[in-house]
Structure formats: structure tokens, C-alpha cells
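Close look at the chain arrangement
Chain by chain, the residues:
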Amino acid sequence: MFKGRVRKLEERIDALERASFHPMIQIECTGTGVGEKIRIIRTEKGISQKTLAEAVGISPPMMNQIERGSKIPNVILARDISRVLQCALNDLVDG
């Protein structure tokens, strides 16, 4: 029973190794740019980190981590942040 499964897995691995495919495209995403833009827009609007965090439903320490770039907001959170900051979502991610 297991020998058959192992053989099928080995066949799949062999087929993948022989298959020709396009090289993978690597996309790097860091939170530094997004967080920095959030901080810039937030300070321009005169909104505190605490106020922004409470408005989007996260803790102030989490907002701090996002602005420092150690955490990256998911799309839903980024959308909520852009709504509170009254800017387009693209303003937070365009570089």
C-alpha cells in the first residue's frame, strides 16, 4: 500500500523535474514602505497612532509595528486604514 504511494510520489517528482516551465518571478514585499506611508499620511492629517489604531480595531502597539515595518497589514486592514486616513489604498502601496 505505502510502496504504491511512494512510487506515485516519486513519479510526480520526476515529472516535475523534467517539465519545462517558466522561471518563477520573485516579488519582495516589505512593510517598510507601506508603514512609512501610513505614518506620513497620519501625521499630515494630525491623527495619533492610538486614534488610528482604535478606529481600525487594532492595538496601538500593532499600529506601531506596522508603521515601523515589522508587520505588514493585510488587504482588509490596509483598506480600513486608508478609509480612516481618507486616502486611496494605492496611496499606501504605490512606490
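Residues numbered from 1 in each chain as written. Predicted model: local features only at pLDDT ≥ 70, side-chain atom pairs only at ≥ 80, totals over all residues. Heavy atoms only, no water.

Another point: the environment of I76. In this fold, I76 is placed in helix α5 (residues 75-84). Here I76 falls in the partly exposed class, since its relative accessible area comes to 47%. Separated by 20 residues in sequence, I76 and V56 place their C-alpha atoms 10.0 Å apart. (Helix = DSSP H or I, 4+ residues; strand = E, 2+ residues; numbered from the N terminus. Buried < 20%, exposed > 50% of the residue type's maximum accessible area, 1.4 Å probe, protein only.)

Listed as buried for helix α4 (residues 60-68) are M63, I66 and E67. One side of α4 carries all its buried residues, which in axial view fall inside an arc of 95°. Of the residues in α4, the exposed ones pointing more than 90 degrees away from the buried face are P61 and R68. Trailing α4 by a residue or two, G69 shows a phi angle of about 95°, which is positive. (Arc of directions from axis to C-beta.)

On to the pattern of salt bridges. Side chains carrying opposite charge are able to pair once their charged atoms draw close together. Tallying each qualifying case throughout the model produces two salt bridges. E67 is the partner of R42 in a salt bridge, and the nearest nitrogen-oxygen pair spans 2.6 Å. Remark: E67 occurs in helix α4 and R42 occurs in helix α2 (residues 31-44); sequence separation between them is 25 residues. The two residues R42 and E67 agree in class, both being buried. Put simply, R79 and D80 hold a salt bridge, and the shortest N to O gap is 3.0 Å. Take R79: its relative accessible area is 30%, and that puts it in the partly exposed class. (Salt bridge = Lys/Arg side-chain N within 4 Å of Asp/Glu carboxyl O.)

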